[in-house]
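Architecture at a glance
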Amino acid sequence: MSTSSNYDLAPAETAPARSLVPKNPSYPQRVHVSQRPELEATLRRWDARIAEARRKLDVLGQSAERPKYDRLYAQMLGARDQLSEAVRRMPMEAGYLFEEDEHKLHEAVAALERLFRKWG
């Protein structure tokens, strides 16, 4: 009993090499991959500042100001998550998707700057 059919794939030796396979011209090139180290450095800087705020929060103890600082710290973490998501996505995006993530990154940085001004 034969298991071959008309739908068998071509043998590997007749398949074109990967570099010879034409690319879809309508698919935009990823031109922002080289920005990954810079974006990750930005995230690390904010992580360090947030960690410093956490240490200050730990030292603060149970003072009357604690709820205010707890809320600000939680907001910092939310903005940091938004920043992290943008940093993760941006290098692989193209066109308007990159611009959208770049906008989110700038908004997250602006939010963190506002929060740290309130932090004191």
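This write-up is about the structure you can find in this document. Note that this is a predicted model, so its numbers are computed, not measured.

**Re the nonpolar core**
- Counting 24 residues, the largest nonpolar core has Met76, Leu83, Leu105, Leu112 and Trp119 as the members making the most contacts within it.
- The set of elements that each furnish at least two residues to this core consists of α1 (36-60), α2 (66-89) and α3 (96-119).
- For this core, the element with the most residues is α3, which contributes nine residues.
- Beyond its immediate chain neighbours, meaning those up to four positions away, leucine 83 contacts Leu43, Trp46, Leu105, Ala108, Val109 and Leu112.

**Side note on the packing of α2 against α3**
- Relative orientation of the contacting elements α2 and α3 amounts to 160°, with a least axis distance of 8 Å. By the criterion of interaxial angle, the relationship of α2 to α3 is roughly antiparallel. Note that α2 runs across α3; the crossing there is left-handed.
- Looking at the contact of α2 with α3 residue by residue, the class counts come to 16 nonpolar, two polar and seven charged.

**Some remarks on the pattern of salt bridges**
- Scanning the entire structure with this criterion turns up seven salt bridges.
- Among the ionic pairs, aspartate 58 bridges to arginine 54, the shortest N-O distance being 3.1 Å. With aspartate 58 and arginine 54 both in helix α1 and four residues apart, this pair spans about one turn of that helix.
- One salt bridge connects glutamate 93 with arginine 89, and the closest N-O pair in it is separated by 3.2 Å.
- Under the relative-accessibility criterion, glutamate 93 is labelled buried at 14%.
- A relative accessible area of 27% means that arginine 89 is categorised as partly exposed.
- Residues joined in a network through salt bridges with shared partners are Arg89, Glu93 and Asp101.

Criteria and cut-off values
- Residues numbered from 1 in each chain as written.
- Predicted model: local features only at pLDDT ≥ 70, side-chain atom pairs only at ≥ 80, totals over all residues.
- Heavy atoms only, no water.
- Core = buried A, V, L, I, M, F, W, Y, C linked by side-chain atoms within 4.5 Å.
- Buried < 20%, exposed > 50% of the residue type's maximum accessible area, 1.4 Å probe, protein only.
- Helix = DSSP H or I, 4+ residues; strand = E, 2+ residues; numbered from the N terminus.
- Contact = heavy atoms within 4.5 Å.
- Axes fitted to C-alpha atoms, helices over the stretch in contact; angles between N-to-C directions.
- Parallel < 35°, antiparallel > 145°, perpendicular 65-115°, else oblique.
- Left-handed = near helix turned anticlockwise from the far one by under 90°.
- Nonpolar A, V, L, I, M, F, W, Y, C, P; charged D, E, K, R; others polar.
- Salt bridge = Lys/Arg side-chain N within 4 Å of Asp/Glu carboxyl O.

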